Amino acid sequence: MPGIVILGAQWGDEGKGKVVDHLAASADVVVRYQGGNNAGHTLVVGGQKTVLHLVPSGILHPKTRCLVGPGVVLDPAVLAREVKALEARGLLDLRNPGERLVVSQHAALILDVHRELDQAREAVAGGRIGTTGRGIGPAYEDVAGRRSVPARALKDPEDLRARIAAILPEKNALLAHYGRPTMTVEQLMAPLLEAAPAIVPLLGKVGPLVEAALDRDETVLFEGAQGTLLDVLHGTVPYVTSSHTTTGAVCTGTGIGPGRLGRIVGLAKAYVTRVGGGPLPTAIGGELEDRIRAIGQEFGATTGRPRRCGWLDLAALRYAVRLNGITELAVTKLDVLTGIGPLRVCVGYRRADGSETEEMPIFPEELETSAPIYRTVAGWDEPIHLARRFEDLPRSVHEYLELIADVAGAPVTIVGVGPDREATLVRARG
Ligand code: GDP
Ligand code: IMO
Ligand code: MG
């Protein structure tokens, strides 16, 4: 069976962790393929909340193997902390770690100097992009610059030291440029040496493991991070992250061919949110936005920042469907909209010259001079958080889902009606 991709179709935080955790009950393997610990994926099982930044969201299922591909940028201290916390909960046995969690030996390391540079640049720009400050951008710059330090260097402190020594002078020049203290090789080595014993036993070759699993006809889920509109090339540049968040990244970030992929599931909230800088054309504003933020608990899982909230943007979703080749949609957080109606939904944009488009204009300079075209729908007042089958949902929710499918151009096969694993409804496939 070909692999199943689960990726964000908006600006991140669509509920990827929750949906992957739900589907992982019947999956053999879950793979993270891009991003780093800028991601925060929330899983709620039996009322207990787990937030994962690097470890794939299948880890709560004892039989599911979790793989971190070479396209991910890896902060060793964060990974070590996450792994130890899972071990303390009995979810990982570090005496035999490769059974449950394998991390690509090619994945690029995030060094302390990457974090310093990320934060220095944000400070100079007045927080324009609003990055998570985790060093993601500078680490990916080094990947593209062919000078990143691969995770396998953690196996050999001398190799690690030499690689860091080779790239540090240029980084120190940049730090000095930003008026920040320069750093020493030993300063950068210390956290790596401390994390290495927890990480080295996890290192392996992820691409071949995925291919072997698919050859055995196992179910493999690919778990995206961030969302389509944060793609470094296809998103609302420059207000984006530094990796590709769209379908192509599944292949490059794992090391497999496109023929290995089957279903492409795009995740969307029933409204939109954005954390960090950049345009959000359908922003709700005022008390209603505050109310939705409070009901939906829209605060960043990584940074705790309040997320801006907007009406569902189906023109953006239509773009995401086309760009990713999305074959089906998962719509989460429908429960949050109970009692909010009438609801507005963006179905297109009107440009400054009066012309209309069904897809969101993606460049901020074009987006900022375009206005959303709204349709108003009644909404619903019934509580739906206890629904467990599509048939349990009221007629008006079905109509909302039909509108989404119609305008975005893909069927809705999964919906979320609450944060808990069980509050995920999967349409029977027929
Ligand atoms: P991710 O980054 O895409 O994994 O999403 P996050 O975990 O950052 O943010 C999604 C938030 O919404 C988390 O707090 C989830 O627990 C919560 N959540 C996910 N699905 C639903 C849903 O259907 N309803 C409600 N009310 N909350 C949800
Ligand atoms: P998950 O996987 C939402 C945003 C940041 C910022 C921009 C660049 O949980 O959906 P970066 O630190 O990546 O250089 O920041 O991208 N961002 C996210 N927003 N969810 C995420 O991940 C995000 N990861 C990065 O807020 O605007
Ligand atoms: Mg998140």
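Keep in mind the model is a prediction, meaning the values are calculated, not measured.

Moving on: unusual backbone geometry. Going from Val-237 to Pro-238, the amide bond is cis rather than trans, its omega being 10°. Looking along the chain, the bond that leaves Gly-341 and enters Pro-342 is cis, with omega of 0°. Along the chain, Pro-342 falls in the loop between strand 15 (328-332) and strand 16 (343-350). A positive phi angle is found at Asp-13, which is not glycine, with a value near 60°. On the secondary structure map, Asp-13 appears in the loop between strand 1 (3-8) and helix 1 (16-23). The phi angle at Lys-333 is positive, at roughly 65°, despite the residue not being glycine.

Turning our eyes to something else, we now look at the site of ligand 2. Surrounding ligand 2, one finds 20 residues, the nearest of these being Asp-13, Lys-16, His-41, Thr-132 and Thr-241. Contact with the protein chains hides 98% of the accessible area of ligand 2, taken as 550 Å² for the molecule alone. The cavity where ligand 2 resides is the largest pocket.

With that out of the way, let us pick up the sheet that holds strand 20 (residues 424-426). In space, the 10 strands of this open sheet follow the order 9-7-5-2-10-1-11-15-19-20, with mixed pairing throughout. With one partner strand each, in any of the chains shown, strand 9 (203-204) and strand 20 form the two edges of the open sheet. Here strand 19 (residues 412-416) runs beside strand 20; their pairing, made up of three bridges, is antiparallel. The residue of strand 20 that forms the bridge with Gly-416 is Thr-424.

So, about the site of ligand 1. By nearness alone, 19 residues border ligand 1, and Lys-16, Gly-40, Thr-42, Lys-333 and Asp-335 come closest of all. Contacts to ligand 1 include Gly-15, whose backbone N or O atom sits 2.8 Å from an oxygen atom. Contact with the protein chains hides 94% of the accessible area of ligand 1, taken as 580 Å² for the molecule alone. Comparing atom positions with the cavity grids shows ligand 1 to sit within the second largest pocket. Taken together, the elements giving at least two residues each to the shell around ligand 1 come down to helix 1 and strand 3 (41-45). Examining the composition of the shell around ligand 1, we find that three residues originate from one element, helix 1, more than from any other. The two domains that each donate at least three residues to the shell around ligand 1 are domain 1 (3-105 + 202-264) and domain 3 (268-426).

Here we come to the domain arrangement of the chain. By domain assignment, the chain separates into domain 1 (3-105 + 202-264), domain 2 (108-198) and domain 3 (268-426). Across the contact, 25 residues belong to domain 1 and 19 residues belong to domain 2. Of the roughly 1,900 Å² buried at the junction of domain 1 and domain 2 (both faces included), carbon and sulfur atoms supply 63%. On the surface where domain 1 and domain 2 come into contact, there are one salt bridge. With its nearest N and O atoms 2.9 Å apart, the salt bridge here joins Asp-75 to Arg-115. At the junction of domain 1 and domain 2, the tally comes to seven residue pairs in polar contact (both at pLDDT 80 or more).

Basis of the calculations
Residues numbered from 1 in each chain as written. Chains lettered and ligands numbered in written order. Predicted model: local features only at pLDDT ≥ 70, side-chain atom pairs only at ≥ 80, totals over all residues. Heavy atoms only, no water. Helix = DSSP H or I, 4+ residues; strand = E, 2+ residues; numbered from the N terminus. Near = heavy atom within 4 Å. Areas by Shrake-Rupley, 256 points an atom, 1.4 Å probe, with all protein chains shown as cover. 1 Å grid on protein atoms, 1.4 Å probe; cavity = no way out; pocket = protein on both sides within 12 Å on 5 of 7 lines; lining within 4 Å. Sits in = over half its atoms within 2 Å of the grid points. Pairing = 2+ DSSP bridges. Polar contact = N/O pair within 3.5 Å; in protein donor to acceptor, adjacent residues only side chain to side chain. Domains from an automatic or database assignment. Contact = heavy atoms within 4.5 Å. Buried area = accessible area lost by both parts, 1.4 Å probe. Salt bridge = Lys/Arg side-chain N within 4 Å of Asp/Glu carboxyl O.

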